[in-house]
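Remarks on the overall topology
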Amino acid sequence: QVQLVESGGGLVQAGGSLRLSCTASTSIASINFMGWYRQAPGKQREFVASAANYGTTNYADSVKGRFTISRDNAKNTLYLQMNSLKPEDTAVYLCYATLGIRNYWGQGTQVTVSS
């Protein structure tokens, strides 16, 4: 079992920045993939970014160049640095972890970007 707790969401003006954190209840060094999805009201959950434990990262086209994902194995924490935020980035951001064949999810943290 892996428990994930997100933090760092909040209200920010367009053009601002936020850093989300996702802390795991276990060592993340052996977790194959970790990443972020987001879900806006009335919309489907969409992929944002992922980071493999061997270093590869992937981003949705909508956030490339603005968001940066990183892992700190020593702190068992995944980060998402979000810069140049836009109103369309408003959503609940959910952290996930893939360990073996199982996916684990956090409860999410709200990000609201005002225009």
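About the cut-offs
Residues numbered from 1 in each chain as written. Predicted model: local features only at pLDDT ≥ 70, side-chain atom pairs only at ≥ 80, totals over all residues. Heavy atoms only, no water. Helix = DSSP H or I, 4+ residues; strand = E, 2+ residues; numbered from the N terminus. Buried < 20%, exposed > 50% of the residue type's maximum accessible area, 1.4 Å probe, protein only. Core = buried A, V, L, I, M, F, W, Y, C linked by side-chain atoms within 4.5 Å. Contact = heavy atoms within 4.5 Å. Disulfide = S-S within 2.5 Å. Pairing = 2+ DSSP bridges. Axes fitted to C-alpha atoms, helices over the stretch in contact; angles between N-to-C directions. Phe/Tyr/Trp six-rings, centres within 6.5 Å; stacked < 30°, edge-to-face > 60°. Lys NZ or Arg CZ within 6 Å of the ring centre and 35° of its normal.

**Here we look at unusual backbone geometry**
A positive phi angle, near 55°, is found at Asn 76, a position not held by glycine. Inspection of the secondary structure puts Asn 76 in the loop between strand S7 (67-72) and strand S8 (77-82). Overall, Asn 76 belongs to the partly exposed group, its relative accessible area being 21%. In the Ramachandran plot, Ser 84 falls in the positive-phi region, its phi being about 50° despite a non-glycine side chain. According to the relative accessible area criterion, Ser 84 is partly exposed, its value standing at 41%.

**Focus: the nonpolar core**
In this structure, Leu 4, Met 34, Trp 36, Leu 80, Met 82 and Tyr 93 are the most contacted members of the largest nonpolar core, which totals 30 residues. Elements that contribute at least two residues to this core include exactly strand S3 (18-24), strand S4 (33-39), strand S5 (46-52), S7, S8, strand S9 (91-99) and strand S11 (109-114). Discounting residues that sit within four places of it in the chain, Leu 4 has contacts with Cys 22, Thr 23, Ala 24, Met 34, Cys 95, Tyr 96, Ala 97, Tyr 104, Trp 105, Gly 106 and Gln 107.

**Let's talk about the state of the cysteines**
Should the sulfur atoms of two cysteines be covalently bonded, the bond is a disulfide. Enumeration according to the criterion identifies 1 disulfide in this entry. Here Cys 22 is linked by a disulfide to Cys 95, with a sulfur-sulfur distance of 2.0 Å. Negative torsions about the S-S bond denote left-handed disulfides, and the value of about -75° found for Cys 22 with Cys 95 makes this one left-handed. In this pair, Cys 22 sits in strand S3 while Cys 95 sits in strand S9, placing the two residues 73 residues apart along the sequence. By the burial criterion, Cys 22 is buried, and Cys 95 matches it.

**Some details on the sheet that holds S8**
One open sheet accounts for 4 strands, arranged S1-S3-S8-S7; its pairing is antiparallel. Edge positions in the sheet fall to strand S1 (4-7) and S7, since each of these pairs with one other strand and no more. Direction aside, the axes of adjacent strands within the sheet are offset by 15° on average. Strand direction decides the pairing type here: S3 and S8, joined by 6 bridges, are antiparallel. Within S8, the position partnered with Ser 21 by the bridge is Tyr 79.

**Overview of the packing of aromatic side chains**
In this structure the tally under the stated criterion is 5 aromatic pairs. Plain terms: the ring middles of Tyr 37 and Trp 105 are 5.4 Å apart, the flat faces sit at 70° to each other, and that makes the pair edge-to-face. Of this pair, Tyr 37 sits in strand S4 while Trp 105 sits in strand S10 (residues 102-105), and the two are 68 residues apart along the sequence. Measuring from centroid to centroid gives 5.5 Å for Tyr 96 and Trp 105, while their planes differ by 40°, and the two rings are tilted. Judged by relative accessible area, Tyr 96 falls into the buried class, the value being 10%. Three or more aromatic residues link up through ring pairs in this structure, and these residues are Tyr 37, Phe 47, Tyr 96 and Trp 105. Sitting over the ring of Trp 105, Arg 45 keeps its end group 4.7 Å from the ring centre.

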